[in-house]
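Secondary and tertiary structure notes
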Amino acid sequence: MSRLVDYFVIVGFDHEKERGGLSSGIILQRFPENNWDDTPFHDGIEWFCQPQGWALSTERSEPRFYVSVLTDVDANRHYCACLCFNETVAITPTKPADEDEEPLECSRPVANITHHSIMYAPKCLVIVSRQDYIDTFRNCLGIIYTVWVENLGVPLETLVGNLLGCVLVPPAGGPQVRFSIGAGDRQALQPPATPPLPVTHTAVHMLLRLLGIHNSVTLWCAVMSEQKVLVVSLAGARLAAACRALAALMFPFRYAHVYIPLLPAGLAEVLATPTPFLIGVHSSLKEEVSELLDVIVADLDVGSLHIPAGVNIPRPEGKLLSSLQEALALVLQPELGAADSAFAPPPPLSSPPHMLDKEIRAVFMRTIARLLQGYRHCLTIIRIHPQPVLTFHKAGFLGARGLSQCPFAPRLLESMFYNGFVAERGPPWRPTDIWDELLQNLPEQLRIEALNPDLQLQHIQDLAMQLHLNENPNPQAYQQRILRPPEGASQRIHQPPLPLLDATRVREVIEEVTARNANNPKLSALRPPQPRIVPPAAPPTGATEFGPLLLTNSARRLEVLRACVAAIFECRYADARKSFPAVLRALRAPAARAALVRDLAARLPNNKHLLQHHQFELVTRLMNCALQSATAIDEHSIAAAMLPLATAYCRKLCTGVIQYAYMCIQEHQVWTSQQFWEAAFYQDVQRDIKALYLPSPAHHPRVPSPRDMDLCRDDEEYISLLKAQEPSALEIAAEQMRLWPSLPPEKQRELIASEESTLYSQAIHYANRMVYLLLPLEGAGRRADARGGDDDRASNSITNSVAESDSADAESGFEEADPGEAGNNVIKMVSRFVDKVCTEGGVTADHVRCLHQMIPGVVHMHMETLDAVARESRRLPPVQKPRIVAPALIAGEAISVPALRAYLVADGRETPLLPAEGALFLTNYRVVFKGAPTDPFACEQTVVRSFPLVSLTREKAVRTHYLPHLEQSLQDGLQLRSATFQLIKVALDEEVSSEQAEAFRKQLARVRHPEHVTMHFALAPRPGPKPSATVSKHNTLKGFAKKTLLKTARRAGLKPKPSKRQKYVLPSADARSLTSPPLMSSLSADTLSLEELELAGAEPAEPPAARTLERVRERIYARDWARLGLAHAPFRLAHANAVYTLCRSYPAVIPVPSSIGDESLRRISRCYRQGRLPVITWRHSRTHALLARSGASHHKGVMGMLKASHQNQGATQSGTDAPSSVEQERYLATLVACTPASRGELEDSSLSLDSLLLCCDDQPTHTPLLTKAAGTLSVLGRGSGGKGGAAAKHFGRWGSLKGRQPSHLDLYAPRQRLSTADLDSVSGEGPPSRRAALYVLSEKGGGGGAGVSGCEYVPVEYPDTRATKHAFKKLMRAAVPSTPAAPEEPGFLKLIEESGWLWQLRQLFQLSGAVIDLLDLQGSSVLLSLEDGWDATAQISSLAQICLEPYYRTLEGFRIIVEKEWLALGHKFQQRSNIGPTPQQGFTPTFLMFLDAVHQLQKQFPLAFEFNEYYLRFVAYHTVSCRFRTFLLDSEAQRADLGMTAADDKRQDTSRMGVETGAGSEEECGGGGYGGSGGRAPACGLSLFDYIDRHHQKAPIFYNFLYTPDLDNPVLRPVSSVCSLEVWEYYCSEELSHGAPYDLEALPPTEADLRPTPRRLVTAGYDSIARCMPDSFSGLLERIRQLELELGHLPQKWRVRWEQLELPNTLELQRVSSMSSGVVRRATLASHKRGTLEVLVRGRLAAAPSAAPAHRWAPAATAAPARCDHCGDLLWGPLKTGVRCVDCGAACHERCADAYALPCTKYKAPPPNDRDKDNRHNNNNSVGTLQSSSQQYYEQFSSNVAENRTHEGHLYKRGALLKGWKQRWFVLDSIKHQLRYYDAMEDSHCKGFIDLAEVITVTQAPPAPGPPKKCDDRSFFDLRTSRRTYNFCASDANAAQEWIEKLQACLQ
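Residues numbered from 1 in each chain as written. Predicted model: local features only at pLDDT ≥ 70, side-chain atom pairs only at ≥ 80, totals over all residues. Heavy atoms only, no water.

1. Thoughts on the overall build of the protein
Along the protein, the regular secondary structure elements total 61 helices and 49 strands. Here the protein holds 1948 residues, and the buried ones make up 53% of them. Of all intrachain contacts in the protein linking residues separated by at least 6 positions in sequence, the fraction that spans at least 24 positions is 73%. Of the roughly 89,700 Å² of accessible surface on the protein, a fraction of 54% belongs to carbon and sulfur atoms. (Helix = DSSP H or I, 4+ residues; strand = E, 2+ residues; numbered from the N terminus. Buried < 20%, exposed > 50% of the residue type's maximum accessible area, 1.4 Å probe, protein only. Contact = heavy atoms within 4.5 Å. Areas by Shrake-Rupley, 256 points an atom, 1.4 Å probe, with all protein chains shown as cover.)

2. Thoughts on the packing of aromatic side chains
Under the definition given, this model contains 71 aromatic pairs. Look at phenylalanine 1469 and phenylalanine 1487: their rings are 5.9 Å apart centre to centre, the planes differ by 70 degrees, and that puts the pair in the edge-to-face class. Taken together, the residues phenylalanine 1469 in helix H47 (residues 1469-1472) and phenylalanine 1487 in helix H48 (residues 1486-1500) connect sequence positions 18 residues apart. The two residues phenylalanine 1469 and phenylalanine 1487 agree in class, both being buried. (Phe/Tyr/Trp six-rings, centres within 6.5 Å; stacked < 30°, edge-to-face > 60°.)

3. Quick look at the environment of alanine 245
Assignment of secondary structure puts alanine 245 in helix H5 (residues 236-249). With residues up to four places along the chain from it excluded, the contact list for alanine 245 reads Ala203, Val204 and Leu207.

4. Here we look at the nonpolar core
Formed by 257 residues in total, the largest nonpolar core has its most connected members in Phe8, Val126, Phe253, Tyr375, Trp435, Trp671 and Trp677. In this view, phenylalanine 253 contacts Met224, Ala247, Ile368, Leu372, Leu412, Phe417, Tyr418 and Phe421; residues no more than four positions away in its chain are not counted. Formed by 162 residues, the second largest nonpolar core is a distinct cluster that contains Tyr925, Val1232, Ile1412 and Phe1527. (Core = buried A, V, L, I, M, F, W, Y, C linked by side-chain atoms within 4.5 Å.)

5. Observations regarding the packing of helix H8 (residues 353-371) against helix H13 (residues 455-471)
Where H8 contacts H13, the axes come no closer than 8 Å and their chain directions differ by 115 degrees. The angle between the axes of H8 and H13 places the two elements in the roughly perpendicular class. Taken as a pair, H8 and H13 cross one another with a handedness that is right-handed. Of the residues in H13, those touching H8 at His354, Met355, Lys358, Glu359, Arg361, Ala362, Val363, Met365 and Arg366 are Gln456, His459, Ile460, Gln461, Leu463, Ala464, Met465, Leu467, His468 and Glu471. Considering only residue class, the contact of H8 with H13 consists of nine nonpolar, five polar and five charged. (Axes fitted to C-alpha atoms, helices over the stretch in contact; angles between N-to-C directions. Parallel < 35°, antiparallel > 145°, perpendicular 65-115°, else oblique. Left-handed = near helix turned anticlockwise from the far one by under 90°. Nonpolar A, V, L, I, M, F, W, Y, C, P; charged D, E, K, R; others polar.)

6. Some details on a nonpolar patch on the surface
Residues Ile26, Leu28 and Leu500 make up a contiguous nonpolar surface patch of roughly 270 Å² in combined accessible area. The topology assignment puts isoleucine 26 in strand S4 (residues 25-31). For isoleucine 26, a relative accessible area of 33% gives the class partly exposed. (Patch = residues over 30% accessible without salt bridge, like charges linked within 9 Å, V, L, I, M, F, W, Y side chains within 5 Å. Salt bridge = Lys/Arg side-chain N within 4 Å of Asp/Glu carboxyl O.)

7. Some remarks on the sheet that holds strand S2 (residues 7-13)
Sheet strands pair by backbone hydrogen bonding; their relative direction is either parallel or antiparallel. Reading across from one edge, S4-S2-S8-S7-S6 is the order of the five strands in this open sheet, with antiparallel pairing throughout. Two strands in the sheet have a free side with no partner beyond their single neighbour: S4 and strand S6 (64-71). The sheet shows a mean angle of 25 degrees between the axes of neighbouring strands, taken without regard to direction. Across six bridges, the pairing between S2 and S4 is antiparallel. Across the sheet, the residue bridging to valine 9 is arginine 30, located in S4. (Pairing = 2+ DSSP bridges.)

8. So, the sheet that holds strand S36 (residues 1351-1355)
The strand order across the open sheet built from five strands is S33-S34-S37-S35-S36, with neighbouring strands paired in mixed fashion. Either end of the sheet is taken by a strand with one partner, and the two such strands are strand S33 (1175-1179) and S36. Here the strands of the sheet are splayed against their neighbours by 20 degrees on average, with no regard to which way each runs. As paired elements, S33 and strand S34 (residues 1186-1190) share four bridges and run antiparallel to each other.

9. As for the packing of helix H46 (residues 1451-1464) against H48
Closest axis-to-axis distance for the H46/H48 pair is 13 Å, and the angle between their directions is 150 degrees. In terms of their interaxial angle, H46 and H48 are classed as roughly antiparallel. Handedness of the H46/H48 crossing: right-handed. Counting all contacts with H46, which are made through Phe1454, Val1458 and Trp1462, the residues of H48 involved are Thr1486, Phe1487, Phe1490, Leu1491 and Val1494. The class makeup of the residues in the contact of H46 with H48 is seven nonpolar, one polar and no charged.

10. Re unusual backbone geometry
That bond from phenylalanine 251 to proline 252 is cis: its omega, 15 degrees, falls within 30 degrees of zero. Note that proline 252 resides in the loop between H5 and strand S13 (258-260). The omega torsion across histidine 385 and proline 386 is 0 degrees, close enough to zero to call that bond cis. Examined against the element boundaries, proline 386 turns out to sit in the loop between strand S17 (379-383) and strand S18 (389-392). Here the phi dihedral of glutamate 226 falls at roughly 60 degrees; this positive angle occurs in a residue that is not glycine. The topology assignment puts glutamate 226 in the loop between helix H4 (203-224) and strand S12 (228-233). Glutamate 226 gets classed as buried once you look at its relative accessible area, which sits at 19%.

11. Re the pairing of strand S14 (residues 277-282)
Counting buried residues along S14, six of its six residues qualify, which places the element largely inside the surrounding structure. The two faces of S14 match: Phe277, Ile279 and Val281 on one face and Leu278, Gly280 and His282 on the other face are all buried. Bridge count between S12 and S14: five bridges; the pairing is parallel. Within S14, the position partnered with serine 233 by the bridge is histidine 282. Where S13 lies against S14, three bridges are found, and the strand directions are parallel.

12. Quick look at the side chain of serine 68
Structurally, the position occupied by serine 68 is in strand S6. Look past the residues within four positions of serine 68 in its chain and what remains in contact with it is Phe48, His78, Tyr79, Cys80 and Leu262.

13. Remarks on the pattern of salt bridges
Using the criterion set out here, one finds 64 salt bridges in the structure. For glutamate 755, the salt bridge identified is with arginine 383, shortest N-O distance 3.0 Å. Taken as a pair, glutamate 755 in helix H26 (residues 745-774) and arginine 383 in strand S17 lie far apart in primary sequence, 372 residues in all. Residue arginine 909 pairs with glutamate 1630 through a salt bridge whose shortest N-O separation is 3.8 Å. Highlighted residues: arginine 909 in the loop between strand S24 (895-904) and strand S25 (916-923) and glutamate 1630 in the loop between helix H53 (1625-1628) and helix H54 (1647-1650), separated in sequence by 721 residues. The same class applies to arginine 909 and to glutamate 1630, which are both buried. Through salt bridges that share partners, Arg3, Asp6, Asp38 and Arg130 make up one connected network.

14. Let's talk about the confidence of the model for the protein
Scored by pLDDT, the protein comes out at a mean of 76, with 75% of its residues at no less than 70. Long-range and interchain partners of residues 95-114, a stretch whose pLDDT sits below 50, account for 26 contacts in this model, where long-range means more than four residues apart. In the predicted structure, residues 780-816 sits below a pLDDT of 50 and forms 22 contacts with residues beyond four places in sequence or in another chain. (pLDDT = per-residue confidence, 0-100.)

15. Re the environment of proline 1908
With respect to the helices, strands and loops of the structure, proline 1908 is situated in the loop between strand S47 (1895-1900) and strand S48 (1916-1921). Sequence-wise, proline 1908 and glycine 1860 are 48 residues apart; in three dimensions their C-alpha atoms are separated by 9.3 Å. For proline 1908, the contacting residues outside a window of four places in its chain are Tyr1852, Trp1861 and Cys1929.

16. Focus: the environment of leucine 988
Here leucine 988 lies in strand S30 (residues 983-988). Assessed through its relative accessible area of 5%, leucine 988 is described here as buried. The spacing of leucine 988 and aspartate 972 is 16 residues in sequence and 5.7 Å in space, taken between C-alpha atoms.

Have a look at this one:
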């Protein structure tokens, strides 16, 4: 029995501290005056009596009642029930508050109150109690107040004394108490039936009613997860009820943090506490608490819940949360179930509020019970006597329930009140309540509810009834009599103040009542509830298997696991390794890991098992794999079960040194978790405690050996039955707790000592285990290194030596040695663990001290053991790893650094047979990985991946490669990306040290960019040039070289000049050339002396022996120019650049018009970038049009003059800028004069480009690609468009074989032009449009020569180097990704499209197509004058020549085009391929893009090329490989400096004399010549094309057997649309069987692949499909060669056999011309001409002075198929067809919108000419037609058309995004039904429009925020459409009303 009331307090207003009407409370009286012994009085209670502060009032208020809760230091709650009323006081005005020196206690700013003569001061009657009987407190205080107010004659002292001493409350479960405090009242007090259940009355129902289901559940989750919760309301009763409800909904938990239902305003700083709290405050403080960033605020009056942005409230997992919300809806909304019923039943009877309160509590109790289902099975008991000590295995519970990923459950288990829950409800012997019954019965209820959901509400109501009976256990109602004051009693004016009570009288009444209660026998007869064994309830369930792993056959997987373990212990290692992949996959499931632990434990014969080396490695690998998936908390108890195994399995390294398994499984996170070690320790302690009270051999069974397992398998069921009958640890503890009071003291002390000894021994055991698993094996080595460092720093004195030896020999202990950082960390962690578990377990202080003294010694002893293990493990023979097999090397290749053992891991490509184990090699030529797959079923294969080292684009270190076959992660790795589209991503083996890896990377960086070009692999046989030193002139190699050079010059016919600087000229066999004025002028202008030929000269040139004009003219490019007729009049091969002074990047001879002298060429070169003047590179055989190329001309400005003068500083000063410009125009005029079109020789309209364009249909004709499967029996011919008819006499062998021709030059001799009959169907009538004789394709903004008659400058857009670099980078990422793409990332084709590579190819095809049409159809010459003249210029020129002349599509011709356009005329290979000595940023594959374009031509015209696609890939690979000298240097001048041109000229001379030198052999360059370097010249290296020719003679690997030249249609016109282009196989193909297939010497022999073999598996990406399955021609030729060898004949060359083939004379093989082929050819021709016109129109519009307006694209749909105006492809389908310009009507794809070239013609177009007027109604593509059609669109949308204006004026329009007001000019068009708006009235460009068909309403609107200045409130109106609402503001109200009327009229 306890008191109902502890203290009665009267608190009043402190008038002495009153300032401005504000003051503080003061305790006037308290009873009893002395503190109770068990309950001290709380100071500061006056704060809680007036939460809003103590203040005087001018008006009398009604009495108020509220309850505050105080918490003492022991976390006991004290309830303060306050009855506050007012008393009349007379006030004498005092000085205001601001003059007071003492600050008020209240910190809130409250306004001063005006003083009156009569005011009202607050006074409070307070009851302080530990009991929670709020209604009883309200009644008692009301009775006391009524007696005083009504003056009933009852002494107040009697009432207070009876209240303090008379009323005693029985504990929970006691009877009803009826009492009276002496005022004629009758009261009853009913304790609850069960102690821990809270009493809520209707508080929970009120909370749900005010906040709703969602907010209430969220608030409950916040309280359960220990968040800061603040409840706000105007009523203190609501605050107390809401806090009481939240605390009650947590049952069975008790809220253990700050709990203040009503916080005074003066203590608002409490809200800043960092600890969780549940506090209620008055709404007047709402603004002050709004600044708290981590507090959740619930406003009860509004029903809102504010959650700050930085607060994350965890919620239960989805199914549990949804069931909670559904159950609450079922309780609060019973009509919800029948809401959709067709025949609505009568509404269900709703429960009263007090029952709804209990039903809501029942729902939350069931939810918590479902969450904690099976928690008692995870309780761990570590002490039973003298008091039970239990812990909770959190990780085991989360793992068993599958709640590891649910954020709510771990947060709940880590909370403070959960620990109190375990301490309170954990003991197995205690009284039970409703919660225990619910936990026991809930699983069965849930099972029944799953079958019948209607029973859920019944179960909830049953539980609610129990809760109701707990609050009202007595069904009999007691009629109470409570005194209440009459209505209006508080408003009495002459009410006297509350008198002071007589303290003596109160004390006497208390003593009297207390003595009377002490003799009451009924009060002492109450018995507490009896304890009982708590039922364990159902075990925890709900855990699911591994998510991504569907174990459909888990039994089979476990069988494989057992078979693998059995194979290991039976020494069948090969079988074990083969099953390892399946075992490692199975071990991802927790059940398989548990089975592995059980199987390994069953194979332990005793506490120590010595294994062989292979067994030990495999077992530790399995252990590591099982621990790999374990988290830090070890929720599946795998790591805990692994602890005894780790100290049992071991191997012997040597005598006395044993390595245990725990030394190999230390690298796991779980070992560093303190929580794991505590849980494992408690589990083992519980096992020992259980064995202590239940001694039996069954609890310590001997682990059966494998031999005994078969004998005992029949008894497994019986043993499991015995274990099931064995009592649990909690049951044993409950029984011991029941017997404890009956045990004698001696027995009790014995049991206490035994349990304490058990804990102590386990603490010792676990301290050792922790040291074993935390101290790494390397720790001993680090400590030894530290010692070694100290010894090295020691002096060599005898004293120090003796001291060291003494300390080393002394075995006094390990404390003297320094354990190092690792050892100290382990000591700290183990010490913390020991303190924690020993404190909780009650271990004595002496034992704890012994443990702390023991831990350092254990650490030092173990470190000594680890030293020996580490030392002996290094001496072990290494594990048998695959032997490193060196890769196949080519001639001259050597390995430069030792190989690194590594694993080739998979990248983003779908590559078979990876990962592979092998080694990474670095040679002087390649980076090679060679190894074998780790898959044991494919380990016989070989995996090779290689690339040239100079093609390396990026090298970086990568970390953490997880290898599934090893089940571990390797930390170090390398990722090497190559420009040959190879990626080597390796994880370095553990044996590779960081120093080896760093040495590899440094060597790679060193050889990637050698110091000189001669150090590349192609020129490696000779050393690079040595730096010159300043030495004596006569004793050095320099002097010797000079003498030798002079001798060589004299032998060559050059005479040394005398003392004066005598000049000389070069002798030549060509007398005409020697005596020609241009040559003489060039030699006289740039004279050379023999003294200038020293090695230290600035520009060394070639040896004089190779510099004769005859040899120069015999070079391959010069012979091609001679073949084209450019060496004869009116052209000549000029020698002005003979010594490369005219232009360093041009060859020695260049074709120019014969009328241009050499001096003029020098002046002209100043007008062009890099001095690259226009050079004629090709001449059309029919039209005689010229194709020339140059660098871009300098602009006529200051910078242009500076650049021009800078490039010619060393030239003569005879010319100036003005003559240079004149010479440039003269040169261009000469080119115009050399063009037959300028002389009127080609006026035939059928060959005119413009005339042919006029007849083209406006809708482009779709040109299909050539059918790739033309086959060897194709009967259709190829025309210019890819198909065409030809006569039968030209079809060749099998429709694909080339006819016998004497030679390529004869075959491609100039032929007669095409007959006009083929073009009649596409020729048009009408006068020709403007046509120039010379088109200069230049950059935008380029100038120069614009005034030349017949010359037109066409600015074009082309793929510059920067765009190519970025596109190639994106292409590399798409083709060779480093990581697998995520599902949400774009796919391969999307990445290719985003790279822009295909779009740049399309630009090249468009420009080259324009060049082709201008040269072939119009007969106009073309000058390519782009950038510096060596990137895009070379691409376009080469493509145009290949398409125009079939000769360049042969092997010989393609070599000529490359050597002429790229090698002779110069290209920056070193910079673009990044092979120079200085690394460049990125890789610019200009030449690769050209090869890709040729590949696209091959795909579209498979019969037109003599070489195959492998030839292009071969050239592309070796462009950047530096194996051949061909692409090493940038120009002929650089090759001449190294003697390469001299070697080539010498080889050509030898070839002409009939001597076979061996193509591509390594030769030495001769000395002497034009400034050639003396001494040892470097090696010339191999030529790529010589190498190709040599192998082409041996085998047809580069030959296209389908090659058939179509001489009737020699010009190729490819389809350039992006959809017709293909991704080159070179980018994404790979052959892992032997590496890149472009080093033929490194490939295996082909004979092995062609032998008849049994069935063979060919894998794409691994095998070479072309080598494994060759085509029919290659296979037959190889078979013939093998038969000749078998017959003993000398095999003939394949080309001879190929020419000997005879064809059957059948009509099926003849080509038959058809109408379809002609249509296709004409359509392709028309498409090309259309593209040419687009290029010209773009150039003309770009050259126009006015800026091109932009298009305004909008989605558009067409009823009929249309074509894109940009790319010409089809716009298909009625939906998503593309976009259309709303101004000019242009239509195109969405992807083409950004690249659309033609400008928008929405402005006034120039007046059309007569031709445009005549052809306005015709469908053509001329510029005039486009402008005229755009003029119509312009007129439609122009704001100046008066007849379409219904209303117009200025309006302010509010923006949609930024909500800003901007003034626009609006035009209402009733014809087009649009409301258009413009920036200004004068503008003709419509900024936007609103379709009136979408308008819903037009209404006047209230003023919007931020309106324009000086606007009327009635001038706003809104226009609401189906998409958005537009806000407008007119100038005044009248204008707004007018706009509204006009708009509404249009809507009608």
